[in-house]
Amino acid sequence: MVLRQTVAQAAGRGTRKGSVISAIFPPSERPTRIGFLLMPGFPLLPYASAIEPLRAANVLADRALYSWHHLTPFGLPAQASNGISIAPDLDWQMAASLDLLIVCAGASVTGLHDADTERRLAMLARQGTRMGSVSAGTYLLARAGLLNGYRFTLHWELAPGFQEEFPALDLRRSLFEIDRNRLTCSGGAAPLDMMHAVLAQDHGSVLALAVNDWFLQTEVRGGEHPQRMAPVVRFGVRNAAVLRALAHMEAHLDQPASGSELAAVAGVSLRQLERLFQAYLGATPNAFQLKLRLEHARTLLHQTEMSMVEIAVATGFANASHFAHAYRSRFGRTPRSDALRTLRLIGKRNSTMEAAPRHAIRA
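Source: prediction; values computed, not measured.

Section: the confidence of the model for the chain
Predicted coordinates in areas of low pLDDT are best not read in detail. Across the chain, the average pLDDT comes to 85, with 86% of residues at or above 70. Predicted confidence for residues 10-26 stays below pLDDT 50, and this span has 26 contacts to residues more than four positions away or in other chains. Confidence over residues 352-363 falls short of pLDDT 50; this stretch has 20 contacts with residues more than four positions distant or in other chains.

What to know about the environment of Ser133
Along the polypeptide, Ser133 turns up in strand β6 (residues 130-135). For Ser133, a relative accessible area of 0% corresponds to the buried category. When the C-alpha positions of Ser133 and Ile102 are compared, they lie 4.8 Å apart, and in sequence the two are 31 residues distant. Ser133 has contacts with Ile102, Val103, Thr138, Leu141, Leu183, Thr184 and Cys185, leaving out every residue within four places of it along the chain.

Structural notes on helix α6 (residues 191-203)
Between its terminal C-alpha atoms α6 stretches 18 Å, which fits the 18 Å expected from 13 residues at 1.5 Å a residue. Extensive coverage of α6 is indicated by the burial of 12 of its 13 residues.

Things to note about unusual backbone geometry
With a phi angle near 55°, Arg180 is a residue other than glycine that sits in the positive phi range. Residue position: Arg180 is located in the loop between β9 (176-179) and β10 (182-185). In this model, Leu216 sits at a positive phi of 65°, which is unusual for a non-glycine residue. As for its position among the elements, Leu216 is in the loop between α7 (205-214) and α8 (231-234).

Let's talk about the side chain of Asp114
Along the polypeptide, Asp114 turns up in the loop between β5 (100-105) and α3 (115-126). A polar contact of 2.3 Å, which involves the side chain of Asp114, links it to the side chain of Thr117.

Topic: the packing of aromatic side chains
Under the counting rule described, the total for this entry stands at 12 aromatic pairs. With 5.1 Å between their ring centres and 75° between their planes, Tyr139 and Phe162 make a pair best called edge-to-face. One end of the pair, Tyr139, is in helix α4 (residues 137-143); the other, Phe162, is in helix α5 (residues 159-165), and 23 residues separate them in sequence. A relative accessible area of 0% places Tyr139 in the buried class. Between Tyr327 and Phe331, the aromatic rings sit 4.7 Å apart at their centres with planes inclined by 55°, giving tilted as the arrangement. In this pair, Tyr327 and Phe331 are both assigned in helix α14 (residues 320-331), four residues apart and thus about one turn of the helix distant. The buried category is assigned to Phe331, whose relative accessible area is 19%. Following the ring pairs from residue to residue traces out a cluster consisting of Tyr139, Phe152, Phe162 and Phe166. One residue, Arg228, lies across the ring of Trp156, its end atom 3.6 Å from the ring centre. Note that Arg298 overlies the ring of Phe331, its terminal NZ or CZ placed 4.3 Å from the centroid.

Some thoughts on the pairing of β5
Burial analysis of β5 places six of its six residues in the buried class, the great majority of the element. Of the two faces of β5, both are covered, the one formed by Leu100, Ile102 and Cys104 as well as the one formed by Leu101, Val103 and Ala105. Pairing analysis gives five bridges linking strand β1 (residues 32-38) to β5, with the strands arranged parallel. Among the inter-strand pairings, Ile34 is bridged to a residue of β5, identified as Leu100. Strand direction decides the pairing type here: β5 and β6, joined by six bridges, are parallel. Its bridge partner being in β6, Ala105 is matched across the sheet by Ser135. Handedness of the crossover joining β5 and β6 through α3: right-handed.

Thresholds, definitions, all that
Residues numbered from 1 in each chain as written. Predicted model: local features only at pLDDT ≥ 70, side-chain atom pairs only at ≥ 80, totals over all residues. Heavy atoms only, no water. pLDDT = per-residue confidence, 0-100. Contact = heavy atoms within 4.5 Å. Helix = DSSP H or I, 4+ residues; strand = E, 2+ residues; numbered from the N terminus. Buried < 20%, exposed > 50% of the residue type's maximum accessible area, 1.4 Å probe, protein only. Expected span 1.5 Å × (residues − 1). Polar contact = N/O pair within 3.5 Å; in protein donor to acceptor, adjacent residues only side chain to side chain. Phe/Tyr/Trp six-rings, centres within 6.5 Å; stacked < 30°, edge-to-face > 60°. Lys NZ or Arg CZ within 6 Å of the ring centre and 35° of its normal. Pairing = 2+ DSSP bridges. Right-handed = clockwise from strand over helix to strand, strands pointing away.

Quick look at the structure:
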């Protein structure tokens, strides 16, 4: 009760004058209206991490600071990646009343080109609606032409494929980005951190910190925070020589180094590097480097329209035949069969959109 009273008093004072984002989210008598566009297969965690801070802010401030609404491409329920369905509660004709629209999408949209939805997003942006995205929702903003001249981010796993499609755009590898009237977030639990920034800019840090405290966050990360764990954590290795070799491998997947070159980078002899890799990673340096290259190749295969030859070159293989043989040895299927399997999965997730009758679209 004391916390709610303190937060309510602080929220009542409004934003500080001169705050950079107070111009983006001006104080208003009515609740700020935030819409969530849910694409088929959207990931539930980033969606929940974006919407729950709004509810908590209302509870802790003891007044309706925010209202939230749901849209889907064709006005039909959208099924999340875990099977939970959420029905829309806002017609596209009313979308112009939103102050902010956040696109929630998973990796399945990388192979989806929905011209109608992209047209609606572009129209809303022209009408002054602020636009945001979590995870792969950035793809839709980019295809609608809404990220030209803006810095933005998306999930690290999607970045290679995105850069192939949009090489000229200013993609950052940050946790989230707020650039004028564009808000983009990498996904996962990171929307909690982005919404902290939004709440702080709208209603002050007291309310924003109270929301994070309520959700048991002991640390609030800034937008510039890296998306991925440090290599020492990710690989479970603390040896400096091994970490130097791993960093070189990840930075040069298209030009694999020889064992001697890796040893020189690591600053140890080749025999010592091989012993260290066996001790810490259970593989030789060359075998582990091949594993990293093939994992990257699989990401490109699933998320881009690159040919087998192009993927082979991008991951350091002499030819497509050599690539296909190594891929099958690693994953148990050929690159082509794996690509077809991925297309079938994407087709199932997007079947709701493709099967929706055009008369169900509310323009």
